[in-house]
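# Examination of the molecular architecture
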2 protein chains.
Amino acid sequence: MSERWVYLFDEADGANRDLLGGKGAGLAEMTAAGLPVPPGFIITTDACRSYTEKGLEFPESMWEQALEAMAGVEKLTGKTFGGAENPLLVSVRSGAKASMPGMMDTILNLGLNDESTEGLAKATGDAQFAWQARVRFIQMFGDIVFGVPALRLSEIAEAARKQQNGARPAVEESIALVDRLQSVIYGYAHQRVPEDPAQQLELAISAVFNSWSNKRAVDYRKVAGIPEDLGTGVTVQAMVFGNTGAQSGTGVAFTRDPGSGVPGIFGEYLPDAQGEDVVAGIRTPHPISMMQDDMPDAYSELIEIADRLEKHYRDMQDMEFTVENGRFWMLQTRTGKRTGRAAVRIAVDLVADGLITVEEALGRVDGSQIEQLLHPVVAPGSTAPVLATGLPASPGAAAGVVVLDSEEAVALSEQGKPVILVRHETSPDDFSGMVASQAIVTARGGVTSHAAVVARGIGKCCVVGCSDLMIDETSQVIQANGIQVAAGEWVTVDGTTGQILVGEVETIEPELDDAYYSLMQWADEKRRLRVRANADTPVDAAKARELGAEGIGLCRTEHMFFAGDRIETVRQMIMAPNNVARAEALAKLEPHQVQDFIGIFEAMDGFPVTIRLLDPPLHEFLPRHDDTALQITDLKLQLSRAENLQRVDAMLGEIHELEAMLHQVSRLTEQNPMLGHRGVRLGIAYPQITEMQSRAIFTAAARCAERGITVLPEIMIPLVAFSPEFDHQAAIVRQVGEEVLGQHGINIDYLVGTMIELPRAALTAHEIAENADFFSFGTNDLTQSTCGLSRDDAPRFLGEYVREGVIKADPFQTIDVDGVGQLVRLGTERGRSAKPDLKVGVCGEHGGDPASIRFFDSLGLHYVSCSPYRVPVARLAAARASLESKQ
Amino acid sequence: MSERWVYLFDEADGANRDLLGGKGAGLAEMTAAGLPVPPGFIITTDACRSYTEKGLEFPESMWEQALEAMAGVEKLTGKTFGGAENPLLVSVRSGAKASMPGMMDTILNLGLNDESTEGLAKATGDAQFAWQARVRFIQMFGDIVFGVPALRLSEIAEAARKQQNGARPAVEESIALVDRLQSVIYGYAHQRVPEDPAQQLELAISAVFNSWSNKRAVDYRKVAGIPEDLGTGVTVQAMVFGNTGAQSGTGVAFTRDPGSGVPGIFGEYLPDAQGEDVVAGIRTPHPISMMQDDMPDAYSELIEIADRLEKHYRDMQDMEFTVENGRFWMLQTRTGKRTGRAAVRIAVDLVADGLITVEEALGRVDGSQIEQLLHPVVAPGSTAPVLATGLPASPGAAAGVVVLDSEEAVALSEQGKPVILVRHETSPDDFSGMVASQAIVTARGGVTSHAAVVARGIGKCCVVGCSDLMIDETSQVIQANGIQVAAGEWVTVDGTTGQILVGEVETIEPELDDAYYSLMQWADEKRRLRVRANADTPVDAAKARELGAEGIGLCRTEHMFFAGDRIETVRQMIMAPNNVARAEALAKLEPHQVQDFIGIFEAMDGFPVTIRLLDPPLHEFLPRHDDTALQITDLKLQLSRAENLQRVDAMLGEIHELEAMLHQVSRLTEQNPMLGHRGVRLGIAYPQITEMQSRAIFTAAARCAERGITVLPEIMIPLVAFSPEFDHQAAIVRQVGEEVLGQHGINIDYLVGTMIELPRAALTAHEIAENADFFSFGTNDLTQSTCGLSRDDAPRFLGEYVREGVIKADPFQTIDVDGVGQLVRLGTERGRSAKPDLKVGVCGEHGGDPASIRFFDSLGLHYVSCSPYRVPVARLAAARASLESKQ
């Protein structure tokens, strides 16, 4: 006996989505539930796979089974496929397990030929309708099966329609149009839409199968991570017509509002219309509520069915229906897409309704949906032109005037102007400019570039890597996509889509509702992994607490070095000709650092605060080489034109000073600063910096403790590769700790640990753990060094890599489990082998990525730490990870 | 019973160097052998350790044992320690297992006080001699035990000596000098040299013990890798005097010539002198042969003893002896230090003499000694001032005129001038300049910087990281150490010591002798590991074969891109606006590459050649950003002064072109090029480059094979992190291979493999090995990424790290077994788990480092590859590793 490739709706098992595809499974399930579904059959995904493997041939007996099923449908409907009397027409649709744009969608009215069109005319008593149906069929078939450009066909149809001035076309006109369409199709494809209904069906089924392998579909699967070997099913279903008069209609309805999640039917319908009319946008649909008056019976049937479907599927449904001469037909149901706000509301409501468990509710909301709740969004319906599209690096939306320079951003912001900082890329120098801006846009860099990391940290909307954007600093203009925007003009940045819109577009502020708090509380109850935030200032720390962070996992002290006018003092320290001058500059910085830490400890009362000692190479604190060189060149140019002697002297003095700075910048400049003199290496070269920072931390801790605040400092040494590096610095920290705490006569529990961000540190974790109290995996840097990828430079080709399938995902967004993940696992195991109670966390950007969190949870780490605005995402992801691991 | 801390020479076991120290063990052994050794005793290294641990106190009963031993010496000599008649005087010396500068060395004539000086005067009948001995003792004791600056004491003694106009000082003068020295000592130390001989001895022993822990000794042990807990022994030995007349004397002799290895006694002696006189250089010693006439008996005794000692120790000995009134005394013997040439000659001769085995001979010569044989050296005895000292990066010695620019180097070299290229650092741009130069000096960079790697590859002498060197390109002057050298003036570079000498200093050319060839043949017979060379040109390849390379392990194709005027074509390829223009430029490069490969295959007939596809980021082929920017600035400055309109137009055109180049340079510039768009990533972005290079390789291989040459090409994909990267490129290479070989109708065995130079590649080696034929560990880059250390930038602090003991050795010189080594081991194991016959080699600089070779041999790798000039070193090291692993 040959394999079974075809199932009638009432024979198929609706639970088997793998075999039937999503659409077919839904129809089978509704049929089984006794809902009014036009009869039909499904050709399985197995058949598609076999077809593809066999070099585009139907598997044995599939076609015979399909014809047999068609006979079944004829029987159920009492109609004849392509018959001259009461003809059976069918729709042919694709349906993979996962919904997939780019694949062939739908051919309607299949089965129409000259004979059956007349049959339809007789059966409905409406010849105009029948020939219009024929025209639509020919158009769709020509486009989808023969690949004739849809535009070419619709132009012809449109031209005919125009001549009719909106009136229903006469039969003769439709007949003439069918002929014209067939000739155009012949011109392109060297064949006409066949008359034989069986041949129509055969070609349509092949077209569905072929569309599984077309470029757009393949590309989409790559991006969406859908396996290549799923295959698509084919659904062949008897046509019903919503366009047969006032007691007919078609509509789309959700069981709850997909925008807000508010319960109750939500949708729209069109009387006397086919679904395609709604899509084509020729007529404006009515709100669903109007259906109650227009056709009350059908409406109550819809309400009843909606309720049954939601209970059956235990989730909000997105339904398509048609009413044909008063008779209600369900054409499709599927789980409805929804906004983040609605997702949360629906999940929480369904728990209240007793339909799903708390665990299921947590599984229903994903990280990106939670994230939507926390940031402003661009109001829907904007028609503003898109200037450029980049990588969405930090969510939110903001409008403001374009500024190309950080100092200008600060100045305008102080005047109360909202500004958008647009740069080629940012450096630590831009920090105050970024703080002063509503959003940040860069032409270069990826989602873990400086701009992206800082923006997420301070909760600013940010788009990076807008490679089309030309920034001309001289003429103070940016341009892309044929549009110019001058500095001072408005743009709106959408950090969720990565779009830069021209002009000031309305944005909607976020508001956290009860449903959000319920869901988050459940997440906190279910998760094992602790969630901390990366926060560098008291303001960030407070925000992090508000969003549920249980401590700070990474406080980057270098950001404090940039705040206000401290950078001048930092530069004095770097330019210091000797240790005495260096100590003097450091002494000036210490009180500032003490104040910073006091603010952070206050905000984190009772929670641990991990403070990382100075990490970046010193040249990051100096002006840029090129900027300085340019200044010198400018001055020299001016000098060559200057006539006033006093002015010449002044300029010469200025040039001299700048040249000294340039010399120091050159001296400190490194070919590969990421692998250069930074992190613990600085602390070893300049132990005074470590001493100053330790003193500031312990002084702040002691002062807070004296006021009754519970402080739990965890001091972290960055970039350790060799255990003696750690030992060297830890000894200084502990010694300063004993001194300062001794002076205050106070006892504070503190930890001294390290970042594990180099392969060597992970490989020798057992040695480092001998003396370290905790590890924090710096997975950004660990990814860089393990894969040899610079996060600043790699975006130029990583996108291509993902598109080409060389790698599955950007390893800076989702941890590379097979490579970098091995080192996280090994570092954790080896560290714990030396010290079983070693505290282990993660403070890279991966700490806020759900897929990565699942991996970290599986390793049994203690906590993840991420930007404050990703803390709720991480809390949810940690709960989902816990639940998954229990299954 | 308390522990034994003290042994008389004739009681001690001379084989126990750990306990007795090297000096003590030698004396004990000679005593046991019945050689004439002045009696004495040894205080053990255990006693030193106990003394150090106990807070500088003698261990229990040690002092009593010492006094008892002294009584034994009194008995053996028939003299009394500090006695008024026939007094026993002793020398006190330190002696650790390893010879160690920086520790206390010797106090002579201990036991002299007012009374015993008179006793000595009586016993010898020479009061002048006795009081001179006393002066010498006071001076040494004051300096060594009390820490009075030696210079201060010798100034006083010198002043007295001058007054005597070279005559022997009268007794009264010596007595007065003793008084003056004692007052000066008292002024510094608040104590005088004691009269009591026992107290003298006690203080001297403490001083030896203390000197074990002084800073210079501790620093030396760190550098030399000598364990801290060895401790030093103390040797106390009866004095004999070579300065008691014409039948007395003292000398130093080697059993063979330590410079050439020629057999026969070699050394010098001074009649009527003490050893210290030789050292002080006051008198010029005579050749040892003159001793035969002066004191024939003593001479034959020396010859006989030398022969016995060499047979006993089975190695060339360095002996100290004294003749006292015709009686011959051995004071010390030890294995003699020797030049590389002598080491080889001696080892081979000793095998011929039947004294040692071939295996032992291989163990007697180390890599640096072999290396000396292969390069010119600075002729000994140069007094040229040292301009600066850097890191010795590539051995050899060369003199030439200073040139600060690569083009200038080429130009002058074409005029026949020997040039020394001096740069801040080099880039691939400097390649032809380096080839044209005799030696290369850089102010920055470490021993694996570009300059160092290239210089070793082409066998040029090179010194890098001369951080004191100021290079002023504007005034064309270099300076350091207070000396200025203008471009065009002569310097001599010593690549073995890292010194830059002012002026033209004589150098000696290398010459390989029979002993060298014998030793290398033995090495080849004993080693398991194959040795290949890194060679990029036919000339290098020929040199590599000459030096014994068994193939090429790394042929860097990018160097071919810089040769001659090809760089212009390469730039056209990079600046190409589209694929057509790019293909055109590549087509121009292909014939050149074919010719290069033909030359290399010819030189390597029968041996494998590993060719690495293009690796460096493209911007390395463009002019430097700053240079171009500077050119533009210069032009603009000229423009502002220009008056001729035609000239203005020309300049504007030039500026425009340069600005286009600058734009491309900026676009391609990366923040961390080491982690950027290079290696396999280039090949994926521009598959045309991979195709062109593959076509060139296979075309060359086919043409050679047609001529009967055996070609074994191994094509290597660089910088793979993810296995699909390798698969992508390997598919192109194999496809081109089949095409080209098919066209030629020829079959050639070739391999396609990859560099393992990123941690991720090692971690996922099993995935990569599925499809790869071989692995070659690029340990330079693997070290960089594993440790997060840039080899260009790290030298700024790595030196400090080694000095501070944070790391044991520069991981770019000797493989970091504990970190990077783990990945080499793991990558090998995993690769072989997927493909048991996977060929695995190493092509980093570590392939020429003996300690690293030992590690690679222990992993069972197939081969190492290194610069041609290190091939003999690697052959020897591989043999030694094999022999060690068998033990």
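A few points on the structure. (Residues numbered from 1 in each chain as written. Chains lettered and ligands numbered in written order. Predicted model: local features only at pLDDT ≥ 70, side-chain atom pairs only at ≥ 80, totals over all residues. Heavy atoms only, no water.)

### Some points on the overall build of chain A
Quick note on the threshold: Strands here are runs of E lasting at least two residues and helices are runs of H or I lasting at least four, both read from the DSSP assignment and numbered beginning at the N terminus. Think of it in three bands: residues with accessible area under 20% of the maximum for their type are buried, residues over 50% are exposed, and the middle band is partly exposed, with areas taken using a 1.4 Å probe on protein chains only. We call two residues in contact whenever any of their non-hydrogen atoms come within 4.5 Å of each other.
Summing up its helical and strand segments, chain A has 35 helices and 33 strands in all. Projected onto its principal axes, the C-alpha positions of chain A cover 105 × 75 × 55 Å. Split into buried and exposed, the 887 residues of chain A put 58% on the buried side. Considering only intrachain contacts with a sequence separation of at least 6, the fraction spanning at least 24 residues in chain A is 68%.

### With respect to the pairing of strand β32 (residues 839-842) of chain A
Residue and element names in this part refer to chain A. The criterion, for reference: For two strands to pair, DSSP has to find at least two bridges joining them. For a crossover, the right-handed case is the one in which the path from the first strand over the helix to the second runs clockwise, viewed with the strands pointing away from the viewer.
Sheet analysis places strand β31 (residues 774-777) next to β32, joined by 4 bridges and oriented parallel. Along β32, the bridge assignment pairs Phe774 with Lys839. At this point the chain moves from β32, through helix α34 (residues 850-858), to the parallel strand β33 (residues 863-866), and the crossover so formed is right-handed.

### Details of the sheet that holds strand β12 (residues 327-335) of chain B
Residue and element names in this part refer to chain B. Strands sit in the order β10-β9-β8-β11-β12 across an open sheet of 5 strands; the sheet is antiparallel. Because the sheet does not close on itself, it has two edges, and the strands there are β10 (286-287) and β12. As defined by bridge partners, strand β11 (residues 317-324) adjoins β12 across 8 bridges and the pair is classed as antiparallel. Across the sheet, Glu324 pairs through a bridge with Arg327, a residue of β12.

### Digging into the packing of aromatic side chains
Residue and element names in this part refer to chain A. Here is the rule we go by: Here the aromatic set is Phe, Tyr and Trp, taking the six-membered ring for Trp, and pairing holds for ring centres within 6.5 Å; pairs whose planes are under 30 degrees apart are stacked, those over 60 apart are edge-to-face, and all others are tilted. We call a charge positioned over a ring when the NZ of a Lys or the CZ of an Arg lies within 6 Å of the ring centre and within 35 degrees of the ring normal.
One pass over the structure, following the stated rule, counts 26 aromatic pairs over all chains. An angle of 45° between the planes, with centres 4.9 Å apart, marks the rings of Tyr51 and Phe209 as tilted. Of this pair, Tyr51 sits in helix α2 (residues 45-53) while Phe209 sits in helix α8 (residues 197-211); the two residues are 158 residues apart in sequence, bridging distant segments of the chain. Side by side, Tyr51 and Phe209 carry an identical accessibility label, which is buried. In textbook terms, an aromatic cluster arises when at least three aromatic residues are bridged by ring pairs, as seen for Tyr51, Phe58, Trp63 and Phe209. Looking at Arg221, its charged tip hangs above the ring of Trp212, at a distance of 3.6 Å from the centre.

### So, the pattern of salt bridges
Using the following cut-off: Should a side-chain nitrogen of Lys or Arg be within 4 Å of a carboxyl oxygen of Asp or Glu, the pair is scored as a salt bridge.
Using the criterion set out here, one finds 89 salt bridges over all chains in the structure. Two residues, Arg760(B) and Asp816(A), come together in a salt bridge whose shortest N-O distance is 2.6 Å. Of this pair, Arg760(B) sits in helix α29 (residues 759-763) while Asp816(A) sits in the loop between α32 (795-804) and α33 (820-834), placing the two residues on different chains. No difference in accessibility class separates Arg760(B) from Asp816(A), as the two residues are buried.

### Let's talk about the state of the cysteines
All names here are of chain A. Basically, it comes down to this: The term disulfide is used for any two cysteine sulfur atoms that are within 2.5 Å.
In total, this model carries 0 disulfides over all chains according to the counting rule given. Residue Cys462 stays outside any disulfide, its sulfur separated by 7.2 Å from that of Cys461, the closest cysteine. The exposure class assigned to Cys462 is buried, which follows from its relative accessible area of 0%. No disulfide involves Cys466; its sulfur sits 9.0 Å from that of Cys462, the nearest cysteine. Among the residues examined, Cys466 registers a relative accessible area of 0% and is labelled buried.

### Some points on the interface of chain A and chain B
We apply this condition: By definition, the buried area sums, over both parts, the 1.4 Å-probe accessible area that each loses when the two are put together. Throughout this description, a polar contact denotes any pair of N or O atoms lying within 3.5 Å of each other; where both atoms belong to protein, one of them has to be capable of donating a hydrogen while the other can accept it, and for residues adjacent in sequence the pair is counted only when both atoms sit in side chains.
Every contact between the two is made by 50 residues of chain A and, on the other side, 50 residues of chain B. For the chain A and chain B pair, buried surface summed over both sides reaches about 4,600 Å², with 57% attributable to carbon and sulfur atoms. Of all residues in chain A, Gln671(A), Asn672(A) and Leu675(A) bury the most surface against chain B, accounting for 14% of the area lost on that side. Linking chain A to chain B there are 2 salt bridges. One can count 24 residue pairs in polar contact (both at pLDDT 80 or more) joining chain A with chain B. Sorting the residues of the side of chain A that touches chain B by element identifies α24 (625-641), α25 (645-668), α26 (680-685), α28 (723-744), α29 (759-763), α31 (779-787), α32 and α33 of chain A as the ones contributing at least two each.

### Side note on the relation of the copies chain A and chain B
Rule in force here: Least squares is used to superpose the copies, and the fit set is the C-alpha atoms of residues whose pLDDT is at least 70 in both copies.
For the pair chain A and chain B, the relating rotation is 180°, the translation along its axis is 0.1 Å, and the fit reaches an RMSD of 0.2 Å. As the rotation angle and translation indicate, the two copies are arranged about a two-fold axis. A share of 100% of the interface residues of chain A reappears at the interface of chain B, consistent with the copies meeting face to face through the same patch.

### Topic: the nonpolar core
The criterion, for reference: Nonpolar cores are built from buried Ala, Val, Leu, Ile, Met, Phe, Trp, Tyr and Cys residues. Side-chain atoms within 4.5 Å join them into one set.
Judged by nonpolar contacts, the single largest core of 307 residues is most densely connected at Ile370(A), Leu519(A), Phe601(A), Ile370(B), Leu519(B) and Phe601(B). Discounting chain neighbours no more than four positions away, the residues touching Phe601(A) are Val609(A), Ile611(A), Ile697(A), Ala700(A), Ala701(A), Cys704(A), Ile709(A), Val711(A) and Pro713(A).

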